[in-house]
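# Summary of structural features
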Amino acid sequence: DAANRGIVDALAERGFKDGVNVQLDRQNAQADQSNLHNIAQRFVSNKDKAIFAIATPAAQSVAGATKDIPIVATAVTNFEIAKLVQSNEKPGGNVTGVSDINPVKEQVELLLKLVPQAKNIGTIYNSSEINSEYQVKLLREAAVQLNLDIVESTVTTVNDLQQAVNSLKDKVDAIYLPTDNVVASALPALMKATMPAKLPVVAAEGGMVRQGALASIAIDYYTLGKMTGQMGADILEGKAKPADMPIQTQHADNVIVNVKTAKALGLTIPEDILSKATKVE
């Protein structure tokens with residue numbers, strides 16, 4: 001939602017104002033793959049001038065539906081691994097955009113500062129989301145360097161989250177959540193399962209902290225959306241083509257902590273972290 005707002009605002013700033021001189025057809029697939037397919041086909045049939053896609057499943061659906069209409073995607077962890085572009089440096093086709101790759105190792109290091117005794121870290125993700133698989137790969141690599149053990153639990157739908165938490169709660173000291181669409185869509189439900197178990201949750205993005213996770217080193221999805229909108233405006237103005245537009249990234253350095261969650265877990269946030277962090281009360 002934040003990325004969507006950013007796209008719309010950036011387009012308006014560049015003179016592409018919805019309902020004034022352009023028509024934005026905004027569709028939400030409600031986390032349903034068949035809906036994604038239908039929406040993609042609708043955009044192609046309408047011969048839209050450009051398509052903005054938010055998150056990897058949406059980007060893959062529209063990319064599979066057209067090789068001609070320019071596609072600007074956002075909130076995709078790695079465009080190349082998702083097979084959306086030939087390379088992140090030179091996309092080569094009709095897709096470009098902005099990655100939401102998060103600093104996984106730094107986020108785990110933050111977790112260890114908040115939960116120093118942690119040795120076993122759980123993670124919950126949808127294994128069919130390639131962006132989540134990639135983040136968990138980075139998590140495993142960070143764990144080796146930091147001498148941690150990772151315990152994984154995969155889900156297919158939001159209905160699996162309670163069972164996933166139950167499978168982890170007696171095996172791990174804390175949980176790390178990637179920017180996974182299934183997990184993010186039901187974060188409050190997941191937190192209702194982790195809080196009674198006194199499991200600290202460090203998340204890959206700030207929105208999850210605002211919904212109850214303990215902390216993150218966060219990118220800002222509104223800013224991500226504005227970057228995406230600016231790229232789209234360049235395409236619409238004829239200044240650039242997706243094939244020649246490298247994938248952009250946002251530098252993440254904003255520590256965000258949920259003070260209320262920390263108190264409920266009985267954790268004390270170190271002052272050197274708290275003094276610089278964005279606080280969720």
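Up top is the structure these notes are about.
Summarised in this report is the structure supplied together with it. (Residues numbered from 1 in each chain as written. Predicted model: local features only at pLDDT ≥ 70, side-chain atom pairs only at ≥ 80, totals over all residues. Heavy atoms only, no water.)

### Examining the overall build of the protein chain
Condition: By definition, any uninterrupted DSSP run of H or I lasting at least four residues is a helix, any uninterrupted run of E lasting at least two residues is a strand, and each is numbered from the N terminus. Buried means the residue's accessible area, taken with a 1.4 Å probe over protein chains only, is under 20% of the maximum for its type, while exposed means over 50%, and partly exposed covers the values in between. Residue contacts are defined here by distance: any two heavy atoms, one from each residue, within 4.5 Å place the two residues in contact. For every accessible area listed, the method is Shrake-Rupley and the probe measures 1.4 Å; residues are considered covered only by the protein chains on display.
Of regular secondary structure, the protein chain possesses 12 helices and 11 strands. Seen through its principal axes, the protein chain has C-alpha atoms that stretch 55 × 35 × 35 Å. The buried share among the 281 residues of the protein chain stands at 50%. Looking at the protein chain alone, contacts between residues at least 24 apart form 67% of all its contacts between residues at least 6 apart. For the protein chain, the computed accessible surface area is about 13300 Å², with 48% contributed by carbon and sulfur atoms.

### So, the sheet that holds strand β1 (residues 51-54)
Let me state the cut-off plainly: Should DSSP find at least two bridges between two strands, the strands are taken to pair. Interaxial angles span 0 to 180 degrees and are taken between N-to-C directions of axes, which are lines fitted to C-alpha atoms, for helices over the stretch in contact.
Spatially, β1-β2-β3-β9 is the arrangement adopted by the 4 strands of the open sheet, whose pairing is parallel. The open sheet has two edge strands, β1 and β9 (248-249), and neither has a second partner. Pairing geometry for strand β2 (residues 71-76) and strand β3 (residues 95-99), over 5 bridges, is parallel. When the sheet's bridge partners are listed, isoleucine 71 is paired in β3 with valine 95. Helix α10 (residues 221-236) contacts β1, β2, β3 and β9 of the sheet and is inclined by roughly 165° relative to β2.

### Here we look at the layout of surface pockets
Defined as follows: A cavity here means a set of 1 Å grid points, computed over protein atoms only, where a 1.4 Å probe fits but cannot escape. A pocket is an open set with protein on both sides within 12 Å along at least 5 of 7 lines, and lining residues have an atom within 4 Å of a point. Grid points are joined across faces, edges and corners, and a volume is the space filled by probe spheres set on the points. All residues other than Ala, Val, Leu, Ile, Met, Phe, Trp, Tyr, Cys, Pro, Asp, Glu, Lys and Arg, Gly among them, are scored as polar; the first ten of these are nonpolar and the last four charged.
The computed volume of the second largest pocket comes to approximately 150 Å³. Every residue along the wall of the second largest pocket is listed here: Glu106, Glu109, Leu110, Lys113, Ile217, Val255, Asp272, Ile273 and Lys276. Counting residues per element, the lining of the second largest pocket draws most heavily on helix α4 (residues 104-114), which supplies 4 residues. Among the residues making up the lining of the second largest pocket, the classes are represented as 4 nonpolar, no polar and 5 charged.

### What about the environment of glutamine 27?
Looking at the element boundaries, glutamine 27 is found in the loop between α1 (2-13) and α2 (33-45). Separated by 60 residues in the primary sequence, glutamine 27 and serine 87 have C-alpha atoms spaced 28 Å apart. When neighbours within four sequence positions are excluded, glutamine 27 is seen to be in contact with Ile39, Arg42 and Phe43.

### Focus on the nonpolar core
Generally speaking, nonpolar side chains in soluble globular proteins are found buried as a group. Let me state the cut-off plainly: Throughout, nonpolar core names a set of buried Ala, Val, Leu, Ile, Met, Phe, Trp, Tyr and Cys residues whose side chains join them through atoms within 4.5 Å.
Formed by 26 residues in total, the largest nonpolar core has its most connected members in Leu110, Leu111, Leu114, Ile121, Tyr176, Val255 and Ile273. Those elements that provide at least two residues to this core are α4, α5 (130-146), β6 (174-177), β8 (215-218) and β10 (254-258). Among the elements that line this core, the one with the most residues is α4, at 5 residues. Once residues within four sequence positions are removed from consideration, leucine 114 is found in contact with Leu214, Ala215, Leu267, Ile269, Pro270 and Ile273. Listed in part, the 25 residues of the second largest apolar core include Met191, Val201, Met208 and Ala213.

### Focus: the environment of lysine 239
What counts here: Distance and chemistry together define a polar contact, namely a pair of N or O atoms within 3.5 Å, with one atom able to donate a hydrogen and the other to accept it when in protein, and with adjacent residues in sequence counting only for side-chain atoms on both sides.
Of note, lysine 239 is situated in the loop between α10 and β9. Judged by its relative accessible area of 60%, lysine 239 falls in the exposed class. Apart from residues lying up to four places away in sequence, lysine 239 is in contact with Arg14 and Asp234. At 3.0 Å, the side chain of lysine 239 and the side chain of glutamate 237 are in polar contact.

### Structural notes on the side chain of glutamine 250
Residue placement: glutamine 250 occurs in the loop between β9 and β10. Taking the relative accessible area as the measure of exposure, glutamine 250 reaches 16% and is therefore buried. A polar side-chain atom of glutamine 250 sits 3.0 Å from the main-chain amide nitrogen of aspartate 220. Apart from the residues lying within four places of it in its own chain, the contact partners of glutamine 250 are Ser99, Ile219, Asp220, Thr223, Leu224 and Met227.

### Details of the packing of α2 against helix α3 (residues 56-65)
The description of two packed helices rests on the angle between their axes and on the distance between the axes. This is how it is decided: In these notes the angle categories are as follows: under 35 degrees is roughly parallel, over 145 is roughly antiparallel, 65 to 115 is roughly perpendicular, and the rest is oblique. Should the near helix be turned anticlockwise from the far one by less than a right angle, the crossing is termed left-handed; should it be turned clockwise, right-handed.
The interhelical angle for the contact between α2 and α3, taken along N-to-C directions, is 45°, at an axis separation of 9 Å. Comparing their axes, α3 and α2 come out oblique. Taken as a pair, α2 and α3 cross one another with a handedness that is right-handed. Contacts from Gln33, Leu36, His37, Ala40, Gln41 and Val44 in α2 reach Pro57, Ala58, Ser61, Val62 and Ala65 in α3. In the contact of α2 with α3, the residues fall into 7 nonpolar, 4 polar and no charged.

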